[in-house]
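Working through the structure, step by step
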Amino acid sequence: MTLHRRTLLSGAAGLAGAASLARPHLARAQGGKSATLRFIPSTPLPSLDPVIATSYVIRNHGYLIYDTLFATDETFAIRPQMVSEWQTAPDGLKWTFHLRDGLAFHDGQPVRAQDCIASIQRWSKRDAFGQTFASFVEGYDADDARTFSVRLKKPFPMLPAALGKLSSNVPFIMPERVAQTDASKPIADATGSGPWRFEAKEWIPGQNAIYTRNAAYRPREEAPSWAAGGKVAKIDRIEWLALTEPAAAVGAMVQGEVDWYEQPPIDLLPVLKQNPRIRIQNVPLGLILLMRFNHGQPPFDNPGIRRAVMMAMRQDDYMQAVVGSAEYYKEAKTFFTPGSPMSTGAGGAEAMQGSLEKGRAMLKEAGYKGEKVVLLAPADQPIAYNQSLVTQELLKNLGMTVDLISTDWATFIGRRANRGPVEQGGWSVFHTLWSGADVLNPALHPLIRANGEAAWFGWPKDEALEGLRDQWIATDNEARQKELAAQIERRAFEVVPYAPGGLVQQPMAYRDSLKGMVLSPVQFFWNMEKAA
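Residues numbered from 1 in each chain as written. Predicted model: local features only at pLDDT ≥ 70, side-chain atom pairs only at ≥ 80, totals over all residues. Heavy atoms only, no water.

**Quick word on the domain arrangement of the protein chain**
Under the domain assignment, the protein chain is made up of domain 1 (42–190), domain 2 (243–283 + 507–530) and domain 3 (287–504). Between the C-alpha centres of domain 1 and domain 3 there is a distance of 29 Å. The interface is formed by 17 residues belonging to domain 1 together with 21 residues belonging to domain 3. Our enumeration of links across domain 1 and domain 3 arrives at 0 salt bridges. The interface formed by domain 1 and domain 3 holds 13 residue pairs in polar contact (both at pLDDT 80 or more) in total. Among the elements that take part in the side of domain 1 that touches domain 3, helix α4 (residues 128–136) stands out by supplying 4 residues, more than any other. (Domains from an automatic or database assignment. Contact = heavy atoms within 4.5 Å. Salt bridge = Lys/Arg side-chain N within 4 Å of Asp/Glu carboxyl O. Polar contact = N/O pair within 3.5 Å; in protein donor to acceptor, adjacent residues only side chain to side chain. Helix = DSSP H or I, 4+ residues; strand = E, 2+ residues; numbered from the N terminus.)

What follows is the structure in structure tokens.
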């Protein structure tokens, strides 16, 4: 049943003719090539709200224009960013934070305590870690213009870790007027206080996005380290280009029209490697492939059916479809980042045997009645789409009724929010990927949450899984945390909030004229210079 990546790409990604790469016609920026960085993101920017969406392209957009109170460095330590100093009450029930001097939004208004409070409150309604943090909060106080306090019901020693989390959803600080937007409705105002400004007048959703340097931004004095330290903007203008056809994107890189390509297809890496001016670099921690079920609608509201599908999955099939070469992937029957302290894989070998025969028997025992499975597949996202094609074949071989719905990314994002039945525009299953930075432990991991309607798309609900996560957060004993992490993994393989598809490396490509790149699981633009 293996579908190889080259076969998939020939039908889904339009790579015919890649050997004769055509040079795309890209107009040069008026500011001069040396002042402009041209970047091809994994997908064109579909919307602006990094709190509503977990999409990495929107997260990366957020890091360009916003700042954070705390930040994660390359050692996974949490360091102050917008905060200059803070105090914790002896009983752990009050934290007081003081903002750095000179922080201002792009409209010239100073960053105030009220902005921070409103931003934290909105973020904590959407983010998994934020929701946990919010359950500890008694209230907030704006002590003065640059000082605010958080009052807690019980101690929460992970508060800086929550406010300094590296990846989606990041607690970016927005103006109070923007952060007061209902947490279920996307913002339209992209005013931040970060190193670059978003040029809203030059943006059409799904098309190019433009950022210009914020000359008023005041970086920290420390050296940059992932999201922490001094975010020095050395590039005047950043252009995100909507080059979604891989052959054209690779051609632009080869011809020097583009500086940085976030996710070039593995199949075309040999073309890029032939150019001595192009560097190929793996992204730290890798990417986790996964299958996400809709727990609120048939047939995947039945845990037995979820287990049956997971039993029949072969991770090699998915990883081959996505990256093709074993050089770029490895098995990962675990719910936490492979190789990280909390990754035990407990229960994985038993639950994921890659057996179609056992999967069919389990499906019959679970009482599958032929309900239609709507498989959402964003065709302009090759990693998700190629996984979807493998699952389409898998479900058919299991004897399930499958309807693969091919969409663009923006339509996909809209439809996956539909909680209704498939007859009313709902869905049954989709594929995505998450950075290893997002799934390091139970506190960070958004997809391990099983808190029903408040959970991420798919909305799993399981009190036992939630209880184990609460115990993990409540202890600072590492041995006990590892023990609880193993219990969490075993329970997750029973209730299946999602099915892991393996760990892949998605290299990025950039020209050697870019100097000083901060190599991280997130694509950061500060500290870089563009040489002639």
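Here the narrative resumes, following the displayed structure.
**A few points about the pattern of salt bridges**
Under the definition given, this model contains 26 salt bridges. In this structure, Glu202 engages Arg237 in a salt bridge whose closest nitrogen and oxygen atoms are separated by 3.4 Å. Taken together, the positions of Glu202 in the loop between β8 (196–198) and β9 (209–213) and Arg237 in strand β10 (residues 237–240) put the pair 35 residues apart, joining distant regions of the chain. For Arg237, a relative accessible area of 22% gives the class partly exposed. A salt bridge links Arg220 to Glu222, with the nearest nitrogen and oxygen atoms 3.1 Å apart. On the accessibility criterion, Glu222 (34% relative accessible area) is partly exposed. By sharing partners, the salt bridges in this structure join Arg38, Glu202, Arg237 and Glu239 into a single network. (Buried < 20%, exposed > 50% of the residue type's maximum accessible area, 1.4 Å probe, protein only.)

**Side note on the side chain of Glu466**
Its place among the elements puts Glu466 in helix α15 (residues 463–474). Given the relative accessible area of 12%, Glu466 is considered buried. Once residues within four sequence positions are removed from consideration, Glu466 is found in contact with Ile448, Arg449, Ala450 and Asn451.

**Details of unusual backbone geometry**
Residue Asn169 follows Ser168 across a cis peptide bond; omega there is -10°. As for its position among the elements, Asn169 is in the loop between α5 (159–163) and α6 (176–179). For the peptide bond that leads from Pro298 to Pro299, omega is 5°, which places it in the cis range. Along the chain, Pro299 turns up in the loop between β13 (287–293) and α9 (303–312). Positive phi, normally seen in glycine, also occurs at Leu285, with a value near 75°. One can find Leu285 in the loop between β12 (278–281) and β13. For Leu285, a relative accessible area of 26% translates into the label partly exposed. A positive phi angle, close to 55°, is found at Val496, a residue other than glycine. Along the chain, Val496 falls in the loop between α16 (478–495) and β18 (498–504).

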